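Residues per chain, in single letters:
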There are 2 protein chains.
Amino acid sequence: MKSSVYIVLTFILSVFVFFAVPVVVSAAEGGGKGYFKALPQIAENPENPVTKDKVELGMLLYLDPRLSKSGFISCNSCHNLSTGGVDNLPTSIGHGWHIGPRNAPTVFNAAVLKTQFWDGRAKDVEEQAKGPILNPGEMAATEELVLKRLRSIPEYRKAFKKVFPGEKKPLSYDNVANAIGAFERTLLTPSRFDKYLLGEEDALTSREKRGLNTFISKGCVGCHNGVGIGGASLQRFDYGTDQGRFEVTKNEADRKVFRVPTLRNVELTYPYFHDGSVWSLKEAVMIMGEKQLGLKLKKKEVADITAFLKALSGQMPEMTIPQLPLSTRHTPRPDVSIEAGK
Amino acid sequence: MKSSVYIVLTFILSVFVFFAVPVVVSAAEGGGKGYFKALPQIAENPENPVTKDKVELGMLLYLDPRLSKSGFISCNSCHNLSTGGVDNLPTSIGHGWHIGPRNAPTVFNAAVLKTQFWDGRAKDVEEQAKGPILNPGEMAATEELVLKRLRSIPEYRKAFKKVFPGEKKPLSYDNVANAIGAFERTLLTPSRFDKYLLGEEDALTSREKRGLNTFISKGCVGCHNGVGIGGASLQRFDYGTDQGRFEVTKNEADRKVFRVPTLRNVELTYPYFHDGSVWSLKEAVMIMGEKQLGLKLKKKEVADITAFLKALSGQMPEMTIPQLPLSTRHTPRPDVSIEAGK
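Since the structure is predicted, the reported quantities are computational estimates derived from the model, not experimental observations.

**Some remarks on the overall build of chain A**
Helix and strand counts for chain A stand at 12 helices and 4 strands. Taken along its principal axes, the extent of the C-alpha atoms in chain A is 65 × 45 × 35 Å. Every one of the 342 residues in chain A was classed for burial, and the buried ones make up 58%. A fraction of 69% describes how many contacts in chain A between residues 6 or more apart in sequence connect residues 24 or more apart. Surface summary for chain A: the accessible area is close to 15200 Å², and the carbon and sulfur share equals 57%. Averaging the coordinates of the 45 positive side-chain charges in chain A and doing the same for the 37 negative ones gives two points 1 Å apart.

**Points about the nonpolar core**
Ranked by size, the top nonpolar core spans 92 residues in total, and within it L61(A), V176(A), L61(B) and V176(B) carry the most contacts. The residues touching L61(A), leaving out its near neighbours within four places in the chain, are L67(A), C75(A), L150(A), Y156(A), F160(A), V176(A), A179(A) and I180(A).

**With respect to helix α12 (residues 299-310) of chain B**
In this model, α12(B) (12 residues) spans 17 Å end to end at C-alpha, consistent with the 16 Å of a helix rising 1.5 Å per residue. Those residues of α12(B) hidden inside the fold are in contact with α8 (192-197), α9 (206-217) and α11 (281-293) of chain B.

**Here's the deal with the interface of chain B and chain A**
Accessible area lost when the parts come together is the quantity often used to give the size of an interface. At the junction of the two partners, chain B supplies 43 residues and chain A supplies 43 residues. Carbon and sulfur atoms make up 70% of the area that chain B and chain A hide from each other, which totals about 3500 Å². Of all residues in chain B, F72(B), W97(B) and I321(B) bury the most surface against chain A, accounting for 24% of the area lost on that side. Summed over the shared surface of chain B and chain A, the number is 0 salt bridges. Counting every contact that joins chain B to chain A gives 12 residue pairs in polar contact (both at pLDDT 80 or more). Elements that contribute at least two residues to the side of chain B that touches chain A include exactly α2 (52-63), α3 (75-78) and β1 (93-94) of chain B. Residues belonging to the side of chain B that touches chain A are distributed by class as follows: 24 nonpolar, 14 polar and 5 charged.

**Observations regarding the pattern of salt bridges**
Enumeration over the complete set of coordinates arrives at 42 salt bridges over all chains. Between K218(A) and E301(A) there is a salt bridge whose closest N-O contact spans 3.2 Å. You can see K218(A) sitting in the loop between α9 (206-217) and β3 (234-236) and its partner E301(A) sitting in helix α12 (residues 299-310), a full 83 residues away along the chain. Overall, K218(A) belongs to the partly exposed group, its relative accessible area being 25%. Salt-bridge contacts for D124(B) lead to K123(B); the nearest nitrogen and oxygen are separated by 3.6 Å. D124(B) sits in the buried class, given a relative accessible area of 12%.

**Notes on the relation of the copies chain B and chain A**
Between chain B and chain A, the superposition needs a rotation of 180° and an axial shift of 0.0 Å, giving an RMSD of 0.0 Å. Between the two chains, the operation in question is that of a two-fold axis. Every residue of chain B has its C-alpha some distance from the rotation axis, and the shortest such distance is that of T320(B), at 2.1 Å.

**Overview of the domain arrangement of chain A**
Residues and elements named next belong to chain A. Domain parsing of chain A yields domain 1 (3-41 + 189-310) and domain 2 (52-184). The distance between the C-alpha centroids of domain 1 and domain 2 comes to 27 Å. Facing the 29 residues of domain 1 at the interface are 23 residues of domain 2. Among the residues of domain 1 in contact with domain 2, R259, T269 and H274 are the three that bury the most area, contributing 26% of the side total. Summed over the shared surface of domain 1 and domain 2, the result is 1 salt bridge. The closest approach of N and O atoms between R102 and D242, which form a salt bridge, is 2.7 Å. Our count for the contact surface shared by domain 1 and domain 2 stands at 11 residue pairs in polar contact (both at pLDDT 80 or more). Broken down by secondary-structure element, the contributors of at least two residues to the side of domain 1 that touches domain 2 are α10 (246-249) and β4 (257-259). In the side of domain 1 that touches domain 2, the residues fall into 13 nonpolar, 10 polar and 6 charged.

**Points about the environment of N103(B)**
Residue and element names in this part refer to chain B. Looking at where N103 falls in the secondary structure, it is placed in the loop between β2 (98-99) and α4 (125-134). With 25 residues separating them along the chain, N103 and C78 place their C-alpha atoms 9.5 Å apart. Polar contacts involving the side chain of N103 include one to the main-chain carbonyl oxygen of P271, which spans 3.3 Å.

About the thresholds
- Residues numbered from 1 in each chain as written.
- Chains lettered and ligands numbered in written order.
- Predicted model: local features only at pLDDT ≥ 70, side-chain atom pairs only at ≥ 80, totals over all residues.
- Heavy atoms only, no water.
- Helix = DSSP H or I, 4+ residues; strand = E, 2+ residues; numbered from the N terminus.
- Buried < 20%, exposed > 50% of the residue type's maximum accessible area, 1.4 Å probe, protein only.
- Contact = heavy atoms within 4.5 Å.
- Areas by Shrake-Rupley, 256 points an atom, 1.4 Å probe, with all protein chains shown as cover.
- Lys, Arg positive; Asp, Glu negative; His and termini not counted.
- Charge placed at Lys NZ, Arg CZ, Asp CG, Glu CD.
- Core = buried A, V, L, I, M, F, W, Y, C linked by side-chain atoms within 4.5 Å.
- Expected span 1.5 Å × (residues − 1).
- Buried area = accessible area lost by both parts, 1.4 Å probe.
- Salt bridge = Lys/Arg side-chain N within 4 Å of Asp/Glu carboxyl O.
- Polar contact = N/O pair within 3.5 Å; in protein donor to acceptor, adjacent residues only side chain to side chain.
- Nonpolar A, V, L, I, M, F, W, Y, C, P; charged D, E, K, R; others polar.
- Least-squares fit on C-alpha atoms with pLDDT ≥ 70 in both.
- Domains from an automatic or database assignment.

See below:
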């Protein structure tokens, strides 16, 4: 997207936030449901239809450490399916114990967000999946290595052929990402808040509803809205030294601009913010009030909002631990070496 | 165990190997079943009874990276339940990207083996579980850190109390190991060979039976026998520079003495030997013939033995990916730092 478009977008969103507060107060009286949307069953992508076989293949790839140079790191290492889809570290560990620059966003419900990564540099989970595999400080592989590894394994060759029928080269790097993306499109976690949005009034406690109202009336909803309760826009957040989207676009308007994270399962995805510097959810709420809304939220308001946020912890999909197919004598071997200077 | 006992043991075992070959040939004519034992349902330990709740708790702990200093490495990182209970690396990666000295043995069926670790320094899986957590080059934690982390999490406090009723301090380091051990006691993988041992003659193909006969008649069975098809004794293996059990006992008789590994799932647990230097199962069989039996096995013999070994790949237990309980504000935070000199 062109930088001029972003300036306009930023302007429109600022206006929206500015006017959101008064509009929202009355909406909150009606339960404020209009700002949000319940999760779908699957986050469909017309360009990458979700099929059972594709999801199964994607899950194997998601868990397969052979997608990394070392053979030790998988997608699941940092986006752990047992810990809210994150690693609960301030910033992630990669190849050679490289400590990355940013906190790992959760894989759960990532597929419903409008952009991926903290700087929004990928448009969907398919595009996102391609990044960390090749990042020298994360999985440190190359496309060539990944394809050589996977093509050396008959079960993978067969699965790609079945999942992407009629394609000339079904086992391509694009399709690795498509399969992982399809798996991630099933990783949705409906919560009590979704039940509430769908009309079950008692799904939230009165405290959680009060928190929801405060969340709306104070203006949090200006950015944390929609199906992801976040993830639909990029916003300036002047916190720490990270220059955010500016690092990608080198456009001044993008300085310290970050994708608004989803708040679904936020209780599980500590520590908070792009640098993972804040461990307490209440503290994160206070900082957001101060920095983004210019408000000093009262202790009770913070407690109520936090109670609402905990109602966004969803039902995790039930998954069986799979067995990965075996390497063969043609499979390029793990390489744990750390290149000089990295 | 005293070193003198080991000298006697080594002597007895040498005699056993010496006499095993001729005895075995005739036994092979009867199917050779007497040398082996089918897997039990659960590998019971009277000192640590296996209960459903204990197994569930053990599985959480097995997968919990908070048992490591960094919060990044769990038991499962190197003994991966999706890849034959190993990491398929020559030697494992630990805290700070430390490359360990030995190949990670499989967790599957480890509980039926007589000793644990390549040098047999732990008597059972409970004792084994305590080692890597504290090893500075593996999970790099301390008992104190592990207990502080777990005691800060109400779900763990509750689970330990329930699983170890009547104990004064149920959440102890011993009980962490007991829970993990109990989980591992369920990780048994019955194979077609077990069906064969239990009387199902057709469970093995004629080639696999031929391989079994060769395995017995050539003397492999001298060490690879019993329920683990290995794991019941320690033997000298003069291969590479690793001094084996000598490193623990400093006893000359233990130089280059290693625990005989289980051959169950050997097809999955490449690369082979204590240093993970051999990737091909056939090559490993050839080397064992040469080094341990003084035989140059024929190509067909190696192929037949390998076919038999592949029949030892078992049925993996079906396990659901669990959700780990959340940290609290009292939970000691991850520490990814690498101490100077390590």
